[in-house]
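Structure assessment
What follows is each chain in one-letter form.
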Amino acid sequence: MNLRSPHLLGIEPLASEEITLILDTAESLAQISQREIKKVPTLRGRTVVNFFVEPSTRTRSSFEIAEKRLSADSLNFSPGASSLVKGETLADTARNLEAMAPDFIVIRHSEPGAPHMLARICRCSVINAGDGAHEHPTQALLDAYTIRQKKGRIAGLRVAIVGDILHSRVVRSNIFLLRKMGAEVVLSGPPTLIPQGIERLGVKVEGRIEAALEGVDVIMMLRVQLERQTRGYFPSLREYFRLYGLTAPRVRLARPDAIIMHPGPINRGVEIDSEVADGPWSVILEQVTNGVAVRMAVLYLLSGGAGGGAEEEIRNPEA
Ligand code: NCD
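Residues numbered from 1 in each chain as written. Predicted model: local features only at pLDDT ≥ 70, side-chain atom pairs only at ≥ 80, totals over all residues. Heavy atoms only, no water.

1. Digging into the environment of alanine 293
For alanine 293, the position within the fold is in helix α11 (residues 284-302). For alanine 293, a relative accessible area of 5% translates into the label buried. Sequence separation of alanine 293 and alanine 66 is 227 residues, and the distance between their C-alpha atoms is 7.0 Å. Those residues in contact with alanine 293 that lie beyond four places of it in its chain are Ala26 and Ala30. (Helix = DSSP H or I, 4+ residues; strand = E, 2+ residues; numbered from the N terminus. Buried < 20%, exposed > 50% of the residue type's maximum accessible area, 1.4 Å probe, protein only. Contact = heavy atoms within 4.5 Å.)

Below you can see the structure in the form of structure tokens.
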């Protein structure tokens, strides 16, 4: 089995079997990162352009490490150093990148749909590393990988997602993924940061964080995206923390074995108390570790690697 599309543009178009395939492949490839020589020749001779038109630390370095561990040649293209600042359109930049014959373009862009446009123009595989407030598929996949690793399954779990739902591409990708895989999702956050009609995606909304956390297996906190907020959505950060911040007493409302996740970067004392972020329930840094394996799996599968073939790849380390 393999993925049906040559691109990874979002979770919405994926079938649950494709999600399972990516997670299973990531599980095999994760072993490579535990070796002394963390490299296999799988993508030798292939070129990846990392085209990041929005700030990113975790996602970009995670893709870069994944590419290196698979022996791809990669090039980082960032707008500060490019002609985008000289007024070139995204379509023209894309055509120029395409003319250099890369095999993959990993794109992060503030415009929803930018990766889709690239996929229409370019012959290479396009991977969406976050497009505006639309989707961030590899984040949802690494979240799912972490949930499966900790809980042994996704189906039947109750997941609370709390925070700035309106501006979050992470939440959209996670809702699609968790619903496809059979988890229950409950959202909470200030009413001004919950998009109208979000229940249509098959989720519940709770105004009070306490009600959302009751008995859940997974708590996923979202960053308050101050840079995307065009007006005051809540009175102050202190007020936000008082009403929606994740504190230890609130965590105790969840199941005793609940895990706490956050895509990062975290705002300590805004959406999450330091004690909780660094506490025993937190899997935030494991999410970062798992991101590498998940991105390796996506690159491997999109390059034509067959599911089940990953075992063979990892037996073949590069000396
Ligand atoms: C997220 C993003 O950029 O969408 N971060 C990430 O990729 N790790 C979430 C955020 O910025 O809050």
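Still more to cover.
2. Overview of the packing of helix α5 (residues 137-151) against helix α6 (residues 169-180)
Angle between the axes and distance between the axes are the two parameters that describe a pair of packed helices. At a minimum axis separation of 8 Å, α5 and α6 run at an interaxial angle of 55°. Here α6 runs oblique to α5, going by the angle between their axes. Between α5 and α6 lies a crossing of right-handed hand. Residue-level contacts link Pro137, Gln139, Ala140, Leu141, Asp143, Ala144 and Ile147 of α5 to Val170, Ser173, Asn174, Leu177 and Leu178 of α6. (Axes fitted to C-alpha atoms, helices over the stretch in contact; angles between N-to-C directions. Parallel < 35°, antiparallel > 145°, perpendicular 65-115°, else oblique. Left-handed = near helix turned anticlockwise from the far one by under 90°.)

3. Concerning the pairing of strand β2 (residues 73-77)
The side chains of a regular strand alternate between both faces of the sheet. Pairing between strand β1 (residues 47-52) and β2: 5 bridges, direction parallel. Bridge pairing links asparagine 50 to asparagine 76 in β2. Following the backbone out of β1, through helix α2 (residues 58-69) and into the adjacent parallel β2, one traces a crossover that is right-handed. (Pairing = 2+ DSSP bridges. Right-handed = clockwise from strand over helix to strand, strands pointing away.)

4. Considering the nonpolar core
In this structure, Ile127, Leu141, Ile161, Leu177, Leu178 and Leu187 are the most contacted members of the largest nonpolar core, which totals 64 residues. Broken down by element, this core gets its largest block of residues, 10 residues, from α11. Not counting chain neighbours up to four residues away, the residues in contact with leucine 178 comprise Ile147, Ile154, Val159, Ile161, Ala183 and Val185. Membership of the second largest hydrophobic core comes to 27 residues, among which are Leu193, Ile209, Val251 and Val270. (Core = buried A, V, L, I, M, F, W, Y, C linked by side-chain atoms within 4.5 Å.)

5. Re the site of the ligand
Every residue lining the ligand is accounted for by Arg58, Thr59, Arg108, His136, Gln139, Arg169, Val170, Arg223, Gln225, Pro263, Gly264 and Pro265. For the ligand, a nitrogen atom lies 2.9 Å from a polar atom in the backbone of proline 263. Relative to its free-state accessible area of 320 Å², the ligand is covered by the protein chains to the extent of 93%. Elements supplying a minimum of two residues to the shell around the ligand: α2 and α6. Across the shell around the ligand, the residue classes tally to 3 nonpolar, 5 polar and 4 charged. (Near = heavy atom within 4 Å. Polar contact = N/O pair within 3.5 Å; in protein donor to acceptor, adjacent residues only side chain to side chain. Areas by Shrake-Rupley, 256 points an atom, 1.4 Å probe, with all protein chains shown as cover. Nonpolar A, V, L, I, M, F, W, Y, C, P; charged D, E, K, R; others polar.)

6. Digging into α2
Taking 1.5 Å of rise per residue, the 12 residues of α2 would be expected to cover 16 Å, and the 16 Å separating its terminal C-alpha atoms lies within 8% of that figure. Within the sequence span of α2, burial applies to Thr59, Ser62, Phe63, Glu64, Ala66, Glu67 and Arg69. Packed against the buried residues of α2 are β1, β2, β3 (104-109), β4 (125-131), α5 and α11. Immediately downstream of α2, the backbone of serine 71 shows phi near 65°, a positive value. (Expected span 1.5 Å × (residues − 1).)

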